[in-house]
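Each chain is listed here by its residues.
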Amino acid sequence: MITQLASPAELLCKLISIPSVSPMGRDVDGEIYLEHRLSDWLERYFSHLGADCERISVMPGRDNVLAYFDAGIDRPTVLWDVHQDTVPVDGMTIPPFTPKEHQGRIYGRGAADVKGSMASMLHAFARLFQERPRNAANVILSCSCDEEATAEGVRHLVAYWTGQRSASQRLVTAPTFAIVAEPTNLDVVVAHRGVLRFRVITNGHACHSSQTELGDNAIYTMATVVQRLAKIARELESSLTVHPRCGGARLSVGRIAGGTAVNIVPDHCEIEIDRRLIPGEEPEEIYRSLCQAFHDLGPRVSCMPPWLVSPALGDDHNASLASALLRAINEVAGKHEAIGVPFCTNAAMISSTGVPTVVFGPGSIAQAHTVDEWIDVTQLNAAAEIYFRFVAEGAKTD
Ligand SMILES: [Zn+2]
């Protein structure tokens, strides 16, 4: 039985004090990396509420934690997804894990991205147990892992209802709607771009630079590849295929490396490609067509499998969810709107399974990943009220 609920601000301070840093290539030794400490705390929080809870392993030290509020089988089910990990803390100018409240703001790593939203959701979730609103919808609170690096947590999550054999005992059918937490300044994100990243390698034959006729210069082959990519990039910039909320697709070659010494004909060169996707573009199809552009160069060119595939979020089937959520937002926090943004979120993966999905949360993306990350307490409280109100009133859409 709950006596007094912790406020969103109190919850956020607790969450900041429990490090859950995504290693993003760093050595995981040390006290701050991976989500397991936060997952432990979340399990205790949910068990204290009396909520049914599942903790499902995704990778060592990295679990999805799911908690359930059951209102009735005849009710819609709203999935709230919020990631547990934060970006690393290198170069921060404030203590990352010692939360500080000052002039209406809370400072610390994750305050905006996305422990602020998590605090608002945890508070709203506890209120559901305390108040048991008569017309409430069911809620599944998904605290997913690994969002910042490779988004394995959400890939695992959607497999619970799309896979042949679910790793979850309870999440075996798709939710009715999903709200993904990210700092949106209390607007509703209905569309965003996606991203595809992969490496292209050219191979040649090394020899002394005094006898170039004996070798095959991998940098020359790469020059052809890069020129073709530059042409594709220019075509995308002037393309008339533009999404009204997300703009156009983009391509950039962001890194190149090759050769060992000036007097050796190089046998290896590689580049890294970043391709921004707009709603409607299939990542696999785009990858295949880019690889096809070098096909005539033969086996000297290899396209490596993408290391990051994050689809775009389209606004073709989330309009009624967005307007229902906006009604709750406008009652609590005044006029806000449906928007498109350039950053990627877990929403695209959930939406790709056919579940109407939007992104909504307190705080601004401008404060995410910064050296003095903070969030406005007024927004934390407003978001908690909005999350609560939307499901307490039954998650009704038109
Ligand atoms: Zn985030």
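Residues numbered from 1 in each chain as written. Predicted model: local features only at pLDDT ≥ 70, side-chain atom pairs only at ≥ 80, totals over all residues. Heavy atoms only, no water.

> Could you give me a rundown of unusual backbone geometry, with the residues and numbers involved?
Looking along the chain, the bond that leaves Asp113 and enters Val114 is cis, with omega of 0°. Locating Val114 in the fold gives a position in helix H3 (residues 111-131). Within the chain, Leu186 stands out as a residue other than glycine whose phi angle is a positive 70°. With respect to the helices and strands, the residue Leu186 is situated in the loop between strand S7 (177-180) and strand S8 (188-192). (Helix = DSSP H or I, 4+ residues; strand = E, 2+ residues; numbered from the N terminus.)

> Describe the coordination of the zinc ion, with residues and values.
Here the zinc ion is held by the protein donor atoms His83 (NE2), Asp113 (OD), Glu182 (OE) and Glu182 (OE), which lie 1.9 to 2.7 Å from it. Around the zinc ion sit 4 donor atoms; with metal-centred angles ranging over 52 to 144°, the donor geometry is irregular. Look at where the donors of the zinc ion fall in the sequence and you get H-x29-D-x68-E. Here Glu182 lies in the loop between S7 and S8 and Asp113 lies in helix H3, a separation of 69 residues in the sequence. Residues Asp113 and Glu182 agree in their burial class; the two are buried. (Donors = N, O, S within 2.8 Å, 3.2 Å for Na, K, Ca; no water. Tetrahedral: all angles 85-135°; square planar, octahedral: opposite > 155°, others 65-115°. Buried < 20%, exposed > 50% of the residue type's maximum accessible area, 1.4 Å probe, protein only.)

> Residue-level account of the pairing of strand S18 (residues 338-341), with values.
Burial of S18 is one-sided: the residues Ile339 and Val341 facing one way are buried, the residues Ala338 and Gly340 facing the other way are not. Here 4 bridges tie S8 to S18, and the two strands are oriented parallel to one another. When the sheet's bridge partners are listed, Val189 is paired in S18 with Ile339. (Pairing = 2+ DSSP bridges.)

> Any details on the packing of aromatic side chains? Residues and values, ideally.
The final tally for this structure, using the stated rule, is 8 aromatic pairs. Taken together, a centroid distance of 5.3 Å and an interplanar angle of 75° make the contact between Phe360 and Tyr387 edge-to-face. Of the two residues, Phe360 is situated in the loop between strand S19 (357-359) and strand S20 (374-376) and Tyr387 in helix H9 (residues 377-392); the sequence distance between them amounts to 27 residues. Here Arg127 stacks its cationic end above the ring of Phe388, 3.7 Å away from the centre of that ring. (Phe/Tyr/Trp six-rings, centres within 6.5 Å; stacked < 30°, edge-to-face > 60°. Lys NZ or Arg CZ within 6 Å of the ring centre and 35° of its normal.)

> Could you give an account of the packing of H3 against H9, naming the residues involved and the relevant values?
Remark: H3 packs on H9, axes separated minimally by 8 Å, with the N-to-C direction vectors making an angle of 45°. Between H3 and H9, the angle falls in the class oblique. Note on packing geometry: the crossing formed by H3 with H9 is right-handed. Of the residues in H9, those touching H3 at Gly116, Ser117, Ser120, Met121, His123, Ala124, Arg127, Leu128 and Glu131 are Leu380, Ala383, Ala384, Glu385, Tyr387, Phe388 and Val391. (Axes fitted to C-alpha atoms, helices over the stretch in contact; angles between N-to-C directions. Parallel < 35°, antiparallel > 145°, perpendicular 65-115°, else oblique. Left-handed = near helix turned anticlockwise from the far one by under 90°. Contact = heavy atoms within 4.5 Å.)

> Residue-level account of the pairing of S7, with values.
Residues Phe177 and Ile179 point to one face of S7 and Ala178 and Val180 to the other, with burial holding for every one of them. Pairing of strand S3 (residues 77-83) with S7, which is carried by 4 bridges, proceeds in the parallel orientation. The residue bridging Trp80 from the neighbouring strand is Ile179, located in S7. Here S7 runs beside S19; their pairing, made up of 3 bridges, is parallel. By the bridge assignment for S19, Ile179 is matched with Val358.

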